Amino acid sequence: MEQEGFDRACRFLNALVAAEQSYGVSSTEMESMLGRVAHALHIQGQFLATPTQVQSILWDDDEDGQRLHISVARAGDFDLNKLAQISELVEHVVSGEITPDIGLSRIRAIKRAGPEYGPAINAMAFVLCGLGFGVILGIPWLDVLLGGALGIVSFVLTRLAMHSRGLKRTLEVLVAGTSALLATLLAHVLPVSNPEAVTVCAFIFFVPGFGLTLAAGELMKGNTLSGLIGLTGAAVIVLKLAIGVLIGTAIVHDLAPLLHGRVEPGVPHAWTWLAAPVLVLGLSILFRVRRKDLVWSLLGGITVWLGVELGSGLGYWHGTFIGAFLLMFTSRVFALLSRLPPAIILLPAVMLLVPGVAALQVLYTTHSLGAIAGLQSTSHVFVLIASILGGLLCGETVWIINRAAISAVTSRFSRIFRKNQDIKE
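In this report, the structure presented in the accompanying data block is examined. Sequence order sets the numbering: in each chain, residues are counted from 1 along the sequence as written. Where totals are concerned, whole chains, interfaces and linings use all residues; where local detail is concerned, this predicted model gives features only for residues with pLDDT of at least 70, and gives and counts side-chain atom pairs only at 80 or more. The basis for the side-chain values is all heavy atoms of the structure; hydrogens and waters are excluded.

### Thoughts on the nonpolar core
And step 1. Residues belong to one nonpolar core when they are buried, are Ala, Val, Leu, Ile, Met, Phe, Trp, Tyr or Cys, and are joined through side-chain atoms within 4.5 Å. Note on classification: 1.4 Å probe, protein chains only; a residue is buried when its accessible area is under 20% of the maximum for its type, exposed when over 50%, partly exposed between these limits. Ranked by size, the top nonpolar core spans 98 residues in total, and within it Leu-16, Leu-34, Val-37 and Leu-327 carry the most contacts.
And step 2. Numbering of helices and strands starts at the N terminus; helices are DSSP runs of H or I of at least 4 residues and strands are runs of E of at least 2. The element best represented in this core is helix α1 (residues 3-23), accounting for 10 residues.
And step 3. Setting aside anything within four residues of it in sequence, one finds Val-37 in contact with Phe-12, Leu-13, Leu-16, Val-90, Val-93 and Val-94. Note on contacts: a residue pair qualifies if any of its non-hydrogen atoms lie within 4.5 Å across the two residues.

### Let's talk about the packing of helix α12 (residues 272-286) against helix α13 (residues 294-312)
And step 1. In contact at an axis separation of 9 Å, α12 and α13 are set at 140 degrees when each is read in the N-to-C sense. It follows from the interaxial angle that α12 and α13 lie oblique. Viewed along their axes, α12 and α13 form a crossing whose handedness is right-handed. Of the residues in α13, those touching α12 at Thr-272, Trp-273, Ala-276, Pro-277, Val-280, Leu-281 and Ser-284 are Leu-294, Ser-297, Leu-298, Gly-301, Ile-302, Trp-305, Leu-306 and Glu-309.
And step 2. Under the scheme applied here, ten amino acids are nonpolar (Ala, Val, Leu, Ile, Met, Phe, Trp, Tyr, Cys and Pro), four are charged (Asp, Glu, Lys and Arg), and all others, including Gly, are polar. Partitioning the contact of α12 with α13 into residue classes produces 10 nonpolar, 4 polar and 1 charged. Here the axes come from fitting lines to C-alpha atoms, over the contacting stretch only for helices, and the angles between their N-to-C directions go from 0 to 180 degrees. Comment on the angle field: the value is read as roughly parallel under 35 degrees, roughly antiparallel over 145, roughly perpendicular from 65 to 115, and oblique elsewhere. Should the near helix be turned counterclockwise from the far one by less than a right angle, the crossing is left-handed, whereas a clockwise turn marks it as right-handed.

### Some thoughts on the pattern of salt bridges
And step 1. Any carboxyl oxygen of Asp or Glu within 4 Å of a side-chain nitrogen of Lys or Arg constitutes a salt bridge here. Within this structure, the stated rule accounts for 10 salt bridges.
And step 2. Asp-79 serves as the salt-bridge partner of Arg-288, at 3.3 Å between the closest nitrogen and oxygen. Of this pair, Arg-288 sits in the loop between α12 and α13 while Asp-79 sits in the loop between β3 (67-72) and α3 (80-94), and the two are 209 residues apart along the sequence.
And step 3. Looking at Asp-79, the relative accessible area reads 6%, which means it is buried.
And step 4. A salt bridge links Lys-240 to Glu-172; its shortest N-O distance comes to 3.9 Å. On the criterion of sequence distance, the pair formed by Lys-240 in helix α11 (residues 224-255) and Glu-172 in helix α8 (residues 171-189) is long-range, its members being 68 residues apart.
And step 5. Residue Lys-240 is classed as partly exposed on the basis of its relative accessible area, which comes to 26%.

### What to know about the sheet that holds β3
And step 1. Whether two strands pair comes down to DSSP finding at least two bridges between them. Strand order across the open sheet formed by 3 strands is β1-β2-β3, with antiparallel pairing between neighbours. Edge positions in the sheet fall to β1 (44-49) and β3, since each has one partner strand and no second. Taking each pair of neighbouring strands and ignoring which way they run, the sheet shows an average axis angle of 15 degrees.
And step 2. With 6 bridges connecting them, β1 and strand β2 (residues 53-59) associate as antiparallel partners. When the bridges of β2 are listed, Ala-49 appears paired with Val-54.
And step 3. On the sheet, helix α2 (residues 27-40) packs against β1 and β2 and is oriented at approximately 170 degrees with respect to β1.

Below, the structure is given as structure tokens:
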């Protein structure tokens with residue numbers, strides 16, 4: 001390869017690394033994608049990716065002329081719209097339909113593009129997240145409505161943080177603290193309300209369910225460094241949320257003690273079949289899934305909830321295991337069929353499985369039925385964590401074993417799908 005062509009390929013790969021870091025992708029998927037692109041561009045490369053740093057070693061025919069490029073950035077903020085566009089661009093480059101120079105200009109155009117949704121739709125999404133999670137949690141209708149309404153607080157603070165670096169660094173603390181303060185004040189006015197449940201419904205978007213799950217998955221695959229970095233980052237976010245809740249609650253409790261009223265019955269379980277898609281829809285909007293891809297996120301969420309419901313009759317952890325298995329397996333099939341990132345399904349739907357739901361149910365059980373009942377259900381949280389990881393690992397394993405057979409079956413449908421997508425565009 002000529003030196004000029006090698007330079008163009010390196011510039012494109014470096015820009016691709018920066019884009020993937022910005023929009024959010026797992027380290028394993030990034031390494032695989034970069035390897036495919038390097039092979040298609042007829043250059044040699046080795047890649048080491050973590051959530052905060054990517055090292056690219058590139059060379060042509062002469063290994064003595066290696067180039068090392070290190071890209072350092074914060075973990076991505078999960079812009080699934082732009083990530084999908086980047087994935088489509090990669091497929092065009094790999095197939096030889098466009099050159100690295102054109103690909104580089106398209107990456108810059110994708111970066112300059114505006115957000116997928118406006119402020120009004122984002123505000124509605126925060127409300128939908130609060131409402132959907134509240135129903136799944138099984139709290140009374142009053143708390144469901146309060147949690148959805150306080151989602152506006154998360155939206156307002158998130159918008160303000162876009163214009164302030166200092167506010168952005170403490171966003172989780174401020175969101176959790178403000179939500180807890182308002183929820184506790186409302187509990188003084190409405191003693192039947194459960195402020196803990198209302199608080200978490202208000203900031204459920206900030207709970208790092210995907211980060212915790214993804215980091216654990218990286219550890220189980222042997223990517224120790226990526227797993228530890230992701231797990232630490234997710235744990236820090238959880239700690240910020242906990243500190244915010246403690247501060248917000250303490251401010252109100254210091255002014256006046258909270259008097260608990262009688263516990264109202266929770267939302268009937270049948271409503272969860274509506275709440276699960278509502279929660280997934282809200283999260284999909286906030287993670288900026290493209291409008292035309294929303295149907296895939298919703299189908300993924302419904303599939304996960306179907307697995308949860310099918311397994312719930314077998315035991316308290318079986319539903320979570322089956323849901324996690326279906327989540328991983330269907331996301332891989334979707335990625336093969338559409339050539340889009342599996343995160344479009346994984347990211348919104350994984351919130352239906354995070355052990356945070358079980359942890360909140362423990363708090364609610366303690367509040368409504370007493371400390372003994374709460375302690376008895378605490379052990380369930382750790383079992384559910386294991387069942388989530390086990391389900392994801394089994395789903396990944398089954399996918400790897402049967403990938404060749406599945407690829408043969410879906411290849412025809414994949415061509416039809418992409419052809420229809422091109423016609424619509």
